[in-house]
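Observations on the model geometry
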Amino acid sequence: MAVPLLDLRLQYVQVKDDVQRRMAALCDSQQFILGAPVEEIEAAVRDYTGCGHAIGMSSGTDALLAILMAMGIGRGDAVITTPYTFFATAGCIQRVGAEPVFVDIDSATYNMDPAKLEECLRKKCRSGPDGRLVTSAGNRVRAIMPVHLFGCVCDMDRISALAAEFDIPVIEDAAQAIGADYPSKDTKTLRAGAIGEVSYFSFFPSKNLGAFGDAGMATCRDEGLAAEIRLMRNHGMGAQYHHEKVGGNFRLDALQAVILSAKLPHLDAWHAARRRNAALYREEFTKLGLLDRITFPVEPYAASGAKNHHVYHQYVVRVPHRDKVRAALTAAGIGCAVYYPVPLHLQECFASLGHSEGDFPESEKAARESLALPIYPELTPEQVREVAGALAKALMS
Ligand SMILES: Cc1ncc(COP(=O)(O)O)c(C=O)c1O
């Protein structure tokens, strides 16, 4: 039996009536730019995540660009993130003229390792002439951007404590983690997008909450920063045709907004189905005796009681001889993918940063070993067993 990595048609049938009803109303109104549909999903995301302000954007990438522009981050500045993430995280930093500074990931979670962040802040950076932290290249550290990769929130208590000590704001890259909970020991359970000073989500179609094309959202605590991001979203325009800043066209389409509004009420059930599939994979892999041959995703907050302690945007295992295993699964009709084969410090476009192989060993190892298996909510138990069986066969061959 072939099992695709993702089949969005199975999700569409669940929301089809509501989506079509909302789209029909929008078409009747012929009001496609901003307005009530965008405000509705912004309010719903605010309620769902507990963030202070939500600003609908044309994509996750554009949300990050607008955030960096609104924070005035550019030439002479630096932002700390990890090299094991989707390109946009660091691409946007470089695009506004700032320096992406990488710290390695934790091998179990694939998220920013707080110990490596501490080393970077204390040892690799130094105090500049005005007492602010600068990188070895002399750029001022303006933000720390942890990435909640694959749907599990980073160790935010430790990251936030370091950020507070060095007085640096945190930008959460929550592109893959809408709805993911974080049981903070310092406060209470918080949700991705409502932990750092500012954050963003991607609603790329394959995300847990996906639009019918590109879409995203920025969230933040501070009203002033929210106003600045809104300004950047619409050409820096305050009063009509009066431009206070140079921004861009980063607006969320009303058409995407109505689709997201139809889907959001289902999201928690979809997250739960993804966790159920992850539990079934573990059960099957145990039965098949694969426990010492593959490394499973960890669930660091499972014992906390937080509902969405992991939202499994991706279900990523580590396997020996990954490319061989991947080829065998593909030949057996099992959808699988590698997120991400080349860590960002080794990407051609970042050659000017001067990194080489060995600089971030955990990211490089993850890039060699990781393999994402189907995890979408509508996957049946039979399909999960099929994938597990095919993986067992591929590992034995
Ligand atoms: C971690 C991460 N950051 C940023 C983005 C960019 O989002 P978008 O594709 O909506 O521009 C993505 C999307 O894939 C992502 O996974």
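Our subject is the structure listed above.
All of the points below concern the structure found in this document. (Residues numbered from 1 in each chain as written. Predicted model: local features only at pLDDT ≥ 70, side-chain atom pairs only at ≥ 80, totals over all residues. Heavy atoms only, no water.)

**Points about the environment of N139**
Condition: A run of DSSP states H or I qualifies as a helix once it reaches four residues; a run of E qualifies as a strand once it reaches two. Both are numbered from the N-terminal end. Contact criterion: two residues are considered in contact whenever any of their non-hydrogen atoms come within 4.5 Å of each other. Polar contacts, as used here, are pairs of N or O atoms within 3.5 Å; protein pairs need one atom able to donate a hydrogen and one able to accept it. Residues neighboring in sequence count only if both atoms are side-chain atoms.
Secondary-structure assignment places N139 in the loop between β5 (133-134) and β6 (140-144). The spatial distance from the C-alpha of N139 to the C-alpha of G128 is 9.0 Å, given a sequence separation of 11 residues. Ignoring anything within four residues of it in the chain, the contact list for N139 reads G76, D77, A78, E99, L133 and V134. Polar contacts involving the side chain of N139 include one to the side chain of E99, which spans 2.9 Å.

**A closer look at the sheet that holds strand β11 (residues 216-220)**
Applicable threshold: Here, a strand pair is defined by DSSP locating no fewer than two bridges between the strands. Axes here refer to lines fitted to C-alpha atoms; in helices the fit is confined to the stretch in contact. Angles between the N-to-C directions go from 0 to 180 degrees.
Spatial strand order, β1-β11-β10-β7: four strands in an open sheet with mixed pairing. Each having just a single partner strand, β1 (53-57) and β7 (171-173) make up the two edges of the open sheet. Pairs of neighbouring strands in the sheet enclose a mean axial angle of 20 degrees, with direction left out of account. By the bridge criterion, five bridges tie β1 to β11 in an arrangement that is antiparallel. Counterpart to H53 in the pairing with β11 is C220. Those strands touched by helix α3 (residues 60-70) are β1, β7, β10 (198-202) and β11, and its axis lies near 160 degrees from that of β10. Packed on one face of the sheet, helix α7 (residues 223-233) meets β1, β10 and β11 and runs near 10 degrees to β1.

**Observations regarding the packing of helix α2 (residues 36-49) against helix α8 (residues 254-263)**
Spelled out, the test is: Just so you know how the angles are binned, under 35 degrees is roughly parallel, over 145 roughly antiparallel, 65 to 115 roughly perpendicular, and the rest oblique. In this scheme the handedness of a crossing depends on how the near helix is turned from the far one: anticlockwise by less than a right angle means left-handed, clockwise means right-handed. Three classes are used: nonpolar for Ala, Val, Leu, Ile, Met, Phe, Trp, Tyr, Cys and Pro, charged for Asp, Glu, Lys and Arg, and polar for all others, with Gly counted as polar.
Axis separation between α2 and α8 bottoms out at 8 Å; the angle between their running directions is 40 degrees. It follows that α2 is oblique to α8 by the angle criterion. Crossing angle aside, the handedness with which α2 passes α8 is left-handed. In this structure, α2 uses P37, V38, E40 and I41 to contact α8, whose residues at the interface are A254, A257, V258, L260 and S261. For the contact of α2 with α8, a count of residues per class yields seven nonpolar, one polar and one charged.

**A short note on the site of the ligand**
The line we're drawing: For each residue, the test is whether any non-hydrogen atom lies within 4 Å of the molecule or strand; if one does, the residue is near. Methods summary: accessible areas were calculated by the Shrake-Rupley approach with a probe of 1.4 Å, and residue burial reflects only the protein chains presented. The pocket and cavity definitions rest on a 1 Å grid over protein atoms only: a 1.4 Å probe that fits but cannot leave marks a cavity, an open set with protein on both sides within 12 Å along at least five of seven lines marks a pocket, and residues lining either have an atom within 4 Å of a point. A molecule is said to be in a cavity or pocket once over half of its atoms fall within 2 Å of that pocket's grid points.
As a structural note, the neighbourhood of the ligand is formed by 15 residues, with G60, T61, Q176, S202 and K207 the closest of them. At 2.8 Å from an oxygen atom of the ligand is found a main-chain nitrogen or oxygen belonging to G60. Taking K207, its side chain carries an N or O atom lying 2.7 Å from an oxygen atom of the ligand. For the ligand, the accessible surface in isolation is 390 Å², of which the surrounding protein chains cover 93%. When each cavity is represented as a set of grid points, the ligand is found to reside in the largest pocket.

**Thoughts on the pairing of β6**
Going by this rule: Only protein chains enter the accessibility calculation, which uses a 1.4 Å probe; a residue is then buried when its area is under 20% of its type maximum, exposed when over 50%, and partly exposed in between.
Within β6, four of the five residues are buried, leaving the element largely enclosed by the surrounding structure. Where strand β2 (residues 77-81) meets β6, four bridges bridge the pair, whose relative direction is parallel. Bridge pairing in β6 places A78 opposite V141.

**Focus on empty space enclosed by the protein**
Here is the rule: Grid points are joined across faces, edges and corners, and a volume is the space filled by probe spheres set on the points.
Inspection of the entire model under this criterion finds three cavities of 30 Å³ or more. Along its surface, the largest cavity is lined by A108, T109, Y110, L149, F150, C152, P297, V298, H310, Q314 and V316. When grouped by side-chain class, the residues that make up the lining of the largest cavity number eight nonpolar, three polar and no charged. As a volume, the second largest cavity reaches approximately 40 Å³. Lining the second largest cavity, in full, are L6, D7, L8, Q11, S206, K207, R274, Y376, P377 and E378. In terms of residue class, the lining of the second largest cavity is built from four nonpolar, two polar and four charged.

**A short note on unusual backbone geometry**
Going from Y339 to Y340, the amide bond is cis rather than trans, its omega being 10 degrees. Secondary-structure assignment places Y340 in the loop between α10 (322-331) and α11 (361-369). A positive phi is found at F150, a non-glycine position, where the angle reads about 65 degrees. Tracing the sequence through the fold places F150 in the loop between β6 and α6 (156-166). By relative accessible area, which is 4% here, F150 ends up buried. Look at Y312: it is not a glycine, yet its phi comes out positive at around 40 degrees. If you trace the backbone, Y312 turns up in the loop between α9 (267-287) and β12 (315-318). Owing to a relative accessible area of 2%, Y312 belongs among the buried residues under this scheme.

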